[in-house]
Amino acid sequence: MKIYDKRRFCAAILLLALGISGLLTLRQEFSLYTLFVSLLLFGLGVFHAILSFGIGLSRRDKLELLDERNQAISLRTAQTTLRITQLLIFPLLLLLQWTNHPPESTWAPGAGLLFLLAISILVERIAHRYYEKHI
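Just so we're clear, the structure is a prediction, and the values are computed from it rather than from any experiment. (Residues numbered from 1 in each chain as written. Predicted model: local features only at pLDDT ≥ 70, side-chain atom pairs only at ≥ 80, totals over all residues. Heavy atoms only, no water.)

S.K.: Just to check I follow, could you spell out the packing of helix H1 (residues 6–25) against helix H2 (residues 32–52) for this structure?
M.R.: Geometry of a packed helix pair, given as the angle between the helix axes and the separation of the axes. Axis separation between H1 and H2 bottoms out at 7 Å; the angle between their running directions is 155°. When the axes of H1 and H2 are compared, the pair comes out roughly antiparallel. Classified by chirality, the crossing of H2 by H1 is left-handed. When its residues are assigned to classes, the contact of H1 with H2 shows 15 nonpolar, 8 polar and 1 charged. (Axes fitted to C-alpha atoms, helices over the stretch in contact; angles between N-to-C directions. Helix = DSSP H or I, 4+ residues; strand = E, 2+ residues; numbered from the N terminus. Parallel < 35°, antiparallel > 145°, perpendicular 65-115°, else oblique. Left-handed = near helix turned anticlockwise from the far one by under 90°. Nonpolar A, V, L, I, M, F, W, Y, C, P; charged D, E, K, R; others polar.)

S.K.: For this particular structure, what's the right way to read the side chain of Thr77?
M.R.: Looking at where Thr77 falls in the secondary structure, it is placed in helix H4 (residues 68–98). In terms of polar contacts, Thr77 uses its side chain to reach the backbone carbonyl oxygen of Ile73, at 2.6 Å. With sequence-adjacent residues up to four places away left out, Thr77 is seen in contact with Glu124, Ala127, His128 and Tyr131. (Polar contact = N/O pair within 3.5 Å; in protein donor to acceptor, adjacent residues only side chain to side chain. Contact = heavy atoms within 4.5 Å.)

S.K.: Can you walk me through a positive patch on the surface in this structure?
M.R.: On the surface, Lys2, Lys6, Arg59 and Lys62 cluster together into a positively charged patch. Note that Lys6 resides in helix H1. (Patch = residues over 30% accessible without salt bridge, like charges linked within 9 Å, V, L, I, M, F, W, Y side chains within 5 Å. Areas by Shrake-Rupley, 256 points an atom, 1.4 Å probe, with all protein chains shown as cover. Salt bridge = Lys/Arg side-chain N within 4 Å of Asp/Glu carboxyl O. Lys, Arg positive; Asp, Glu negative; His and termini not counted. Charge placed at Lys NZ, Arg CZ, Asp CG, Glu CD.)

S.K.: What should I look at first to understand H1 in this one?
M.R.: Two residues of an α-helix separated by three or four positions point the same way, owing to the 3.6 residues in each turn. Along its 20 residues, H1 runs 29 Å from first to last C-alpha, staying within 8% of the 28 Å computed at 1.5 Å per residue. Arg8, Ala12, Leu15, Gly19 and Gly22 are the residues of H1 that are buried. Within H1, the buried residues cover an arc of 95° as seen down the axis, which keeps them to one side. For H1, the exposed residues set more than 90 degrees away from the buried face come down to Lys6, Cys10, Leu14 and Leu24. (Expected span 1.5 Å × (residues − 1). Buried < 20%, exposed > 50% of the residue type's maximum accessible area, 1.4 Å probe, protein only. Arc of directions from axis to C-beta.)

Take a look at the structure:
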């Protein structure tokens, strides 16, 4: 069998490794959440591995990557996401600084950064859908 989409195959290997490592940790401590996530990762890994062997899907993915419209959408989405995220980061960081956290709570800055990351991902999805319809 020939691998036609090496990028997708690498992602499949990573997903399979994460799924298998999650399943191996179930031997020490059983959790339904860990079982669900591990099976989901393993299934996605198998799915991507199967897709990486197909020549038709690989050609279609390569054409979509080279399409000028898709590149323009990606560029405009990235620009808009960066601009909006930069406008939101400064006030949110000031808000985090003004809140009184006890000195022993070390999770507060990490939670703030994760919140900013979630906002960035959400803005990117919204901008991508907007530019996909208008370009």
